[in-house]
Amino acid sequence: MATEQMAEFQRPARSLDAIDRAILRLLQEDGRASVRSVADRVHVSRANAYARINRLMEDGIIRGFAARVDHERAGQGASAYITLKIVQNSWRTVREQLLTLPGVAHIALVSGDFDVLMLVHTADNRTLRELVLTKIQAVPEVLSSRTLLVFEETDLVVDDHSR
């Protein structure tokens, strides 16, 4: 099984044509779009659209489908990007610990002045403060953190339903 997984990662990605990119854009706009709707909008047969979507999933280009959430309406009125400096070579250990924290939406290992960038959503600033001071800074490999409050967000994926 491990060999199969390694082969999956080593397989070169197929190139995407204009139709594949159009399908991806449509599914990013509306992950619940039917195959028929996608096919009609990109001007291919349903069988072709179905095959392309399946290939995009098999190739790992489409990793899944999810709802886009209005965090404020969902009771998560405070959002922040948090940067971390961590002990060298501790990324995997730190990542596993950060994944268990409530409200973590995104974690990335990055280059530059800090090592980790994460996006979190919490109920309010008090909860955010507790997350940073008692949970994140308690991770032994975290050397320092910086919190950047998000005042306003713009989702770059076009939402046809809001027009």
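Scroll up for the structure.
Cut-offs used in this document
- The numbers attached to residues start from 1 for each chain and follow its sequence in the written order.
- A pLDDT threshold of at least 70 governs which residues receive local features in this predicted model, and a stricter bar of 80 or more applies before side-chain atom pairs are shown or counted, although totals over entire chains, interfaces and linings include all residues.
- Here the side-chain values reflect all heavy atoms present in the structure, with hydrogen atoms and water set aside.
- In this scheme, a residue with accessible area under 20% of its type's maximum is buried, one over 50% is exposed, and one in between is partly exposed, where area comes from a 1.4 Å probe on protein chains only.
- Secondary structure follows DSSP: runs of H or I at least 4 residues long count as helices, runs of E at least 2 residues long count as strands, and numbering of each begins at the N terminus.
- At least two bridges found by DSSP between two strands are what make those strands a pair.
- Note on definitions: angles span 0 to 180 degrees between N-to-C directions of axes, and those axes are lines fitted to C-alpha atoms, for helices only across the stretch in contact.
- By definition, residues are in contact when any of their heavy atoms lie within 4.5 Å.
- Any pair of nitrogen or oxygen atoms within 3.5 Å is treated as a polar contact; in protein, a donor-acceptor pairing is required on top of that, and neighbouring residues in sequence qualify only through side-chain atoms on both sides.
- One less than the residue count of a helix, multiplied by 1.5 Å, gives the span that helix is expected to have.
- Directions are taken from the helix axis to each C-beta atom, and the arc is the one they span.

Brief notes about the pairing of strand 1 (residues 78-86)
For strand 1, the tally of buried residues reaches 7 of 9 residues, placing the bulk of the element in the interior. Where strand 1 meets strand 3 (residues 116-122), 7 bridges bridge the pair, whose relative direction is antiparallel. Bridge pairing links threonine 83 to leucine 117 in strand 3. Bridge count for strand 1 against strand 4 (residues 142-150) is 8 bridges, and the pairing is antiparallel. In the strand pairing of strand 4, alanine 80 is matched with leucine 149.

Focus on the sheet that holds strand 2 (residues 104-109)
One open sheet holds the 4 strands; their spatial order is 2-3-1-4, and the pairing between them is antiparallel. Looking at which strands have only one partner, the edges of the open sheet turn out to be strand 2 and strand 4. Between one strand axis and the next, the sheet turns by 20° as a mean value, whatever way the strands run. Each of strand 1, strand 2 and strand 3 is contacted by helix 5 (residues 91-98), which is oriented at about 175° to strand 2, the strand it contacts most.

Regarding the environment of asparagine 48
Note that asparagine 48 resides in helix 4 (residues 46-58). A distance of 2.8 Å separates polar atoms of two side chains, one belonging to asparagine 48 and the other to arginine 52.

Examining the environment of arginine 68
Residue position: arginine 68 is located in the loop between helix 4 and strand 1. A sequence separation of 38 residues divides arginine 68 from aspartate 30, and the C-alpha atoms of the two residues are 9.7 Å apart. Polar side-chain contacts of arginine 68 include one of 2.8 Å to the backbone oxygen of glutamine 28.

Considering the environment of glutamine 76
Checked against the element boundaries, glutamine 76 lands in the loop between helix 4 and strand 1. Along the backbone, glutamine 76 and valine 120 are 44 residues apart, and their C-alpha atoms lie at a distance of 9.5 Å. Setting aside residues no more than four positions away along its own chain, glutamine 76 makes contact with His71, His121, Thr122 and Ala123.

Side note on helix 4
Compared with an ideal rise of 1.5 Å per residue, which puts 13 residues at 18 Å, helix 4 spans 18 Å between its outermost C-alpha atoms and is within 8% of the ideal. Residues of helix 4 that are buried: Ala49, Arg52, Ile53, Arg55 and Leu56. Buried residues of helix 4, seen end-on, are gathered within an arc of 160° and therefore sit on one face of the element. Away from the buried face of helix 4 by more than 90 degrees, exposed residues Ala47 and Glu58 are located. Within two residues after helix 4, glycine 60 carries a phi angle of roughly 80°, on the positive side.

Considering helix 6 (residues 125-136)
Restricting attention to buried positions, one finds in helix 6 the residues Leu128, Leu131, Val132 and Ile136. Axial view of helix 6: buried residues confined to an arc of 90°, hence all on one face. Those residues of helix 6 hidden inside the fold are in contact with strand 1, helix 5, strand 3 and strand 4. Two or three places before arginine 126, at the opening of helix 6, aspartate 124 has a side-chain oxygen 3.3 Å from that residue's backbone nitrogen.

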